[in-house]
Amino acid sequence: LAGAKWEAVINHRFTDALAAGTIDRDVLARYLVQDHRFLDSFVVLLSSMVAAAPSLAARIPGCQFLALITGRENTYFERSFAALGVDDAARESTPDTAPTVAFKALMRDAAKATYSEMLAVLVAAEWSYQSW
């Protein structure tokens, strides 16, 4: 069951078009608005994982990733919105989709869980991006 779901995540017409550079600009804009929406929840989860890590050595990779996510990655969204003509008003007036609501809730819930559970959610979330 998990294998089939994983394949659906990484082998989808959206990710295929994204990888091929053939994705429609409007589709990309809608995706980026939703993807950016859960950045705050992701930062809360990653910060919680750093705080719960058992040692400084275990915290350092999370801290480095946190710096990446809140630095260059965030400017990627801002630059992409500008290039796609997505202004603040359009971003603010676009409601969260059901998957975005669920993903944000998952990350917020996981931020209150055990260290192992936090890592499980972080690995699944990031591994999917790495698999595209």
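Here's what I pulled together on the structure shown here. If you're wondering where the values come from, they're calculated on a predicted model, not measured in any experiment.

### Remarks on the packing of aromatic side chains
The final tally for this structure, using the stated rule, is 5 aromatic pairs. Centre to centre, the rings of Phe14 and Tyr31 are 4.7 Å apart; their planes meet at 50°, and the pair counts as tilted. Of this pair, Phe14 sits in helix α2 (residues 13-20) while Tyr31 sits in helix α3 (residues 25-37); the two residues are 17 residues apart in sequence, bridging distant segments of the chain. Residue classification places Phe14 among the buried residues on the basis of a relative accessible area of 17%. Where Phe42 meets Phe65, the ring centres are 6.0 Å apart and the plane angle is 90°; that geometry is what we call edge-to-face. Taken together, the positions of Phe42 in helix α4 (residues 39-52) and Phe65 in helix α5 (residues 56-70) put the pair 23 residues apart, joining distant regions of the chain. On the basis of relative accessibility, which here comes to 24%, the residue Phe65 falls in the partly exposed class. Taken together, the ring pairs in this structure connect Tyr76, Phe77 and Phe81 into an aromatic cluster.

### Quick notes on the nonpolar core
Counting residues in hydrophobic clusters, the biggest one holds 17 residues, and the most contacted among them are Phe42, Leu45, Leu46, Met49, Ile69, Met107 and Leu122. At the level of elements, α4, α5, α8 (98-110) and α9 (115-131) are the ones that each hand at least two residues to this core. Of the residues forming this core, the biggest block, 7 residues, is contributed by α4. Counting 12 residues, the second largest nonpolar core, distinct from the first, contains Leu28, Ala29, Leu84 and Val86.

### So, α5
Helix length check: α5, at 15 residues, gives a terminal C-alpha distance of 20 Å against a target of 21 Å (1.5 Å per residue), a fit within 8%. Along α5, the residues classified as buried are Gly62, Leu66 and Ile69. Mapping the buried residues of α5 onto a view down its axis gives an arc of 60°, with all of them on the same face. Away from the buried face of α5 by more than 90 degrees, exposed residues Leu56, Ala57 and Gln64 are located.

Conventions adopted
Residues numbered from 1 in each chain as written. Predicted model: local features only at pLDDT ≥ 70, side-chain atom pairs only at ≥ 80, totals over all residues. Heavy atoms only, no water. Phe/Tyr/Trp six-rings, centres within 6.5 Å; stacked < 30°, edge-to-face > 60°. Helix = DSSP H or I, 4+ residues; strand = E, 2+ residues; numbered from the N terminus. Buried < 20%, exposed > 50% of the residue type's maximum accessible area, 1.4 Å probe, protein only. Core = buried A, V, L, I, M, F, W, Y, C linked by side-chain atoms within 4.5 Å. Expected span 1.5 Å × (residues − 1). Arc of directions from axis to C-beta.

Nothing here speaks to function; it is geometry throughout.
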